[in-house]
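# Architecture and fold: a report
Here is how the chains run, residue by residue.
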Amino acid sequence: TDPALIRNFCIIAHIDHGKSTLADRMLQITGVVDDRAMRAQYLDRMDIERERGITIKSQAVRLPWDDHVLNMIDTPGHVDFTYEVSRSLQACEGAILLVDAAQGIEAQTLANLYLAMNADLHIIPVLNKIDLPAAQPEKFAEELAGLIGCDPSDVLKVSGKTGEGVRELLDHVVATVPAPVGDADAAARALIFDSVYDTYRGVVTYVRVVDGHLGKRERILMMSTDATHETLEIGVISPEPKPADLGLGVGEVGYLITGVKDVRQSRVGDTVTSAAKPAGDMLAGYEHPKPMVFSGLYPIDGDEYPELREALDKLQLNDAALVYEPETSAALGFGFRVGFLGLLHMEIVRERLEREFGLSLISTAPNVIYRVVMEDGKELTVTNPSEFPTGGKIAQVFEPVTKSTILAPSEFIGAIMEICQGRRGQLLGMDYLSEDRVEIRYTLPLGEIIFDFFDQLKSRTRGYASLDYEPAGEQESDLVKVDILLQGEPVDAFSAIVHKDKAYAYGVDMAKKLRELIPRQQFEVPIQAAIGARVIARENIRAIRKDVLAKCYGGDISRKRKLLEKQKEGKKRMKMVGRVEVPQEAFVAALSTD
Ligand code: GTP
């Protein structure tokens, strides 16, 4: 295709503002999917995406429109997947900034807009859902125009649901988004913006060609790893993969298959070039996503450990952001310490492990990465509270912080500030977006955000606040490890790293919770919370003498046997901590974050 006829664009928006629905209409209106085959959220291919109504992986699809070729890239909206958004943006020249006409600008609207502006994209402001009775297109057109510095009349108005305005929007894309520019005669350079593992075809790599040409049966070179592969298949997605025998030229977006089995061999952000005639310089890539949140994952049934390992290996083929290493816990047995991009990523990985691989799992409370500097100058990176050094030799502890942006109606300013202050936030600034909506910016420790911060924010603002955060380095903090001991034995799975001022509350809460969850034993069981050797809270589980045979009168031996069998069954689901029997459910309940 002549690059002058190509338009590459993406749709960016806050979660639920209607990207996937708008994408559906575009598929239909351009005739790529006929009405019979149409289903909602056509491009969200994973079950979990469809059920939750969210987009996790980016999708690229080629749409013919008015003698032009439009490549549309649907992107995820959630903050955990910002890195997916930024890589998709690099493959485009334009972005549709979609805003719900009943909601207005939200936190990810801003975050995504800034990403798109950084990538130098042409921005098309669009209000969606104008069919809603609650829509206020005039008011929000003004807000949106104020944000990007255009005239309110330049804001397009559409309904992804009814299709109103969508044709005009496609025409507008053709008219205003710049055509891709590249050197057709130069050595091939294509940017990998996604790579997905497919059980039958191996890794499918999505690329945007910048210069030159990539063909079928060509030896290609991955520039960052120096690995060479042969392209077994190359093509475009419209809306299913279609092999393109002529290959892909300047500005084109498509996929290639080389038969490799692991997405890490086809790294997102890498540049693909021709092995015979390699390019000199790589395209500016993007950084590998770094895990921010860690948690231990253990099979409830210890025998399932090998299955868990295999499941993680398989999932990683598809999810380059997932990292894990084996760990053992005295309380939970063999498992893995797993690193995630954020809480939603964590939930999704866990859900996929349980659903797609049939595993039952316990996950320990999530934590962030700490950097501990010892008095002798040694440094430690702690991703698991039980590795946190005890004893008085710690000089400094550093924790990751975020720059967080909260958008909400101005009546909630007080409530929001109270929550942020309670979580060691430092106010950075506040701006009014319109007379009744504010943007509030805070520095907040990441460790404070990963514990129900968002839930609290939502409930204190009746659902009106939206949140976005980005990593902003680290800060030194007064952090301590709180251990929980049963009968004097520390239970590693319950240790937590918390701020000094919150250690007492954590200890008291956990001890109380466990007193309720752990059944009485033959002997008294003290539960203690301690910082090092100092006990900060204590509860007691009183002793009972439980005699299962007491209920049997006389000599019904078969009944006795049955009862003993039953008791043995029950024991299997108990974990021994020292001499104390702790039911599996107690771990699950105590470690659940709410
Ligand atoms: P993520 O992929 O999770 O970021 O969400 P999204 O932005 O793709 O939103 P999605 O298309 O899933 O739409 C969110 C909700 O808004 C769904 O319940 C849609 O049915 C609804 N919706 C989307 N567009 C319109 C519209 O134009 N009018 C109305 N009334 N509802 C819409």
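Residues numbered from 1 in each chain as written. Predicted model: local features only at pLDDT ≥ 70, side-chain atom pairs only at ≥ 80, totals over all residues. Heavy atoms only, no water.

The chain has the name Elongation factor 4 in an unreviewed UniProt entry, where Nonomuraea aridisoli is given as its organism. In its Catalytic activity (unreviewed entry) section, the UniProt record describing the chain reads: "GTP + H2O = GDP + phosphate + H(+)". As recorded by UniProt, the Subcellular location (unreviewed entry) comment attached to the chain reads in full: "Cell membrane". (UniProt positions renumbered as here; feature names shortened; annotations may be inferred.)

## With respect to the environment of D436
Structurally, D436 can be placed in the loop between β22 (426-434) and β23 (437-445). On the accessibility criterion, D436 (33% relative accessible area) is partly exposed. Measuring from C-alpha to C-alpha, the distance between D436 and A408 comes to 8.6 Å, with 28 residues separating the pair along the chain. Not counting residues up to four positions away in its chain, the partners in contact with D436 are K139, A408, P409 and S410. Within the structure, the side chain of D436 is placed 3.4 Å from the side chain of K139, a separation counted as a polar contact. (Helix = DSSP H or I, 4+ residues; strand = E, 2+ residues; numbered from the N terminus. Buried < 20%, exposed > 50% of the residue type's maximum accessible area, 1.4 Å probe, protein only. Contact = heavy atoms within 4.5 Å. Polar contact = N/O pair within 3.5 Å; in protein donor to acceptor, adjacent residues only side chain to side chain.)

## Quick notes on the pattern of salt bridges
Applying the stated criterion to the full structure yields 25 salt bridges. The salt bridge partner of E310 is K314, with a shortest N-O separation of 4.0 Å. Residue E310 and its partner K314 are both found in helix α7 (residues 305-318); the two are separated by four residues, about one turn of the helix. Taking the relative accessible area as the measure of exposure, E310 reaches 48% and is therefore partly exposed. In this structure, R371 engages E379 in a salt bridge whose closest nitrogen and oxygen atoms are separated by 3.1 Å. (Salt bridge = Lys/Arg side-chain N within 4 Å of Asp/Glu carboxyl O.)

## Observations regarding the side chain of T402
Considering the arrangement of structural elements, one finds T402 in strand β21 (residues 394-409). Within polar-contact distance, the side chain of T402 engages the side chain of S404 at 2.9 Å. Apart from residues lying up to four places away in sequence, T402 is in contact with Y442, T443, L444, L446, I449, Y469, E470, P471 and A472.

## Considering a negative patch on the surface
A cluster of acidic residues, D66, D67, D131, E164, E168 and D171, forms a negative patch at the surface. Structurally, D131 is set in the loop between β5 (122-128) and α5 (137-148). Taking the relative accessible area as the measure of exposure, D131 reaches 31% and is therefore partly exposed. (Patch = residues over 30% accessible without salt bridge, like charges linked within 9 Å, V, L, I, M, F, W, Y side chains within 5 Å. Areas by Shrake-Rupley, 256 points an atom, 1.4 Å probe, with all protein chains shown as cover. Lys, Arg positive; Asp, Glu negative; His and termini not counted. Charge placed at Lys NZ, Arg CZ, Asp CG, Glu CD.)

## Some points on the UniProt feature "binding site: GTP" (unreviewed entry) in the chain
With numbering matched to this structure, UniProt assigns "binding site: GTP" (unreviewed entry) to D16, H17, G18, K19, S20, T21, N128, K129, I130 and D131. For T21, the position within the fold is in helix α1 (residues 19-29). Once residues lying within four places of it in the same chain are set aside, the contact partners of T21 are G160 and K161. When you line up the elements, I130 lands in the loop between β5 and α5.

## Some points on the environment of V196
One can find V196 in strand β7 (residues 189-198). A residue is classified by how much of its surface remains accessible, and V196, at 21% relative accessible area, is partly exposed. Counting along the chain gives 124 residues from V196 to A320, while the straight-line C-alpha distance between them is 9.2 Å.

## Here's the deal with the pairing of strand β13 (residues 253-257)
Counting buried positions over the five residues of β13 gives five, a clear majority of the element. Alternating positions in β13 separate into two faces, V253, Y255 and I257 on one and G254 and L256 on the other, with burial throughout. Bridge count for strand β8 (residues 202-211) against β13 is five bridges, and the pairing is antiparallel. Of the residues in β13, the one forming a bridge with Y206 is Y255. Here strand β11 (residues 233-237) pairs with β13 via three bridges, running antiparallel. Residue E233 lies in a different strand from β13, and its bridge partner there is I257. (Pairing = 2+ DSSP bridges.)

## Focus: the sheet that holds strand β10 (residues 227-230)
Read across the open sheet, the eight strands follow the order β10-β9-β14-β7-β8-β13-β11-β12; overall the sheet is antiparallel. On the outer flanks of this sheet lie β10 and β12 (241-243), each paired with one strand and no other. Neighbouring strand axes in the sheet, compared pairwise and without regard to direction, differ in orientation by 40° on average. (Axes fitted to C-alpha atoms, helices over the stretch in contact; angles between N-to-C directions.)

## Comments concerning the nonpolar core
Within the largest apolar cluster, 45 residues are counted, with the highest numbers of intra-cluster contacts made by L322, L353, I406, I416, F453 and L457. When residues no more than four places from it in sequence are discounted, the contact partners of L322 are L312, L315, Q316, V338, G339, F340, H345 and V349. (Core = buried A, V, L, I, M, F, W, Y, C linked by side-chain atoms within 4.5 Å.)

## What about the packing of helix α9 (residues 413-422) against helix α11 (residues 453-460)?
At a minimum axis distance of 10 Å, the contact between α9 and α11 shows a crossing angle of 160°. The pairing of α9 with α11 is recorded here as roughly antiparallel in orientation. Seen from above, α9 lies across α11 with right-handed handedness. The residues of α11 that touch α9, namely those facing A415, I416, E418, I419 and C420, are F453, Q456, L457 and R460. (Parallel < 35°, antiparallel > 145°, perpendicular 65-115°, else oblique. Left-handed = near helix turned anticlockwise from the far one by under 90°.)

## Here we look at the pairing of strand β28 (residues 525-531)
Of all seven residues that make up β28, seven are buried, and the element is covered over most of its length. Here β28 shows no split at all, with V525, I527, A529 and I531 on one side and P526, Q528 and A530 on the other all buried. As judged from the four bridges shared by strand β25 (residues 479-486) and β28, these two strands associate in the antiparallel manner. Bridging from a neighbouring strand, L485 pairs with Q528 of β28. Pairing analysis gives seven bridges linking β28 to strand β29 (residues 534-541), with the strands arranged antiparallel. Of the residues in β29, the one forming a bridge with I531 is R534. The loop that links β28 with its antiparallel partner β29 comprises two residues; one of these, G532, has a positive phi angle of about 60°.

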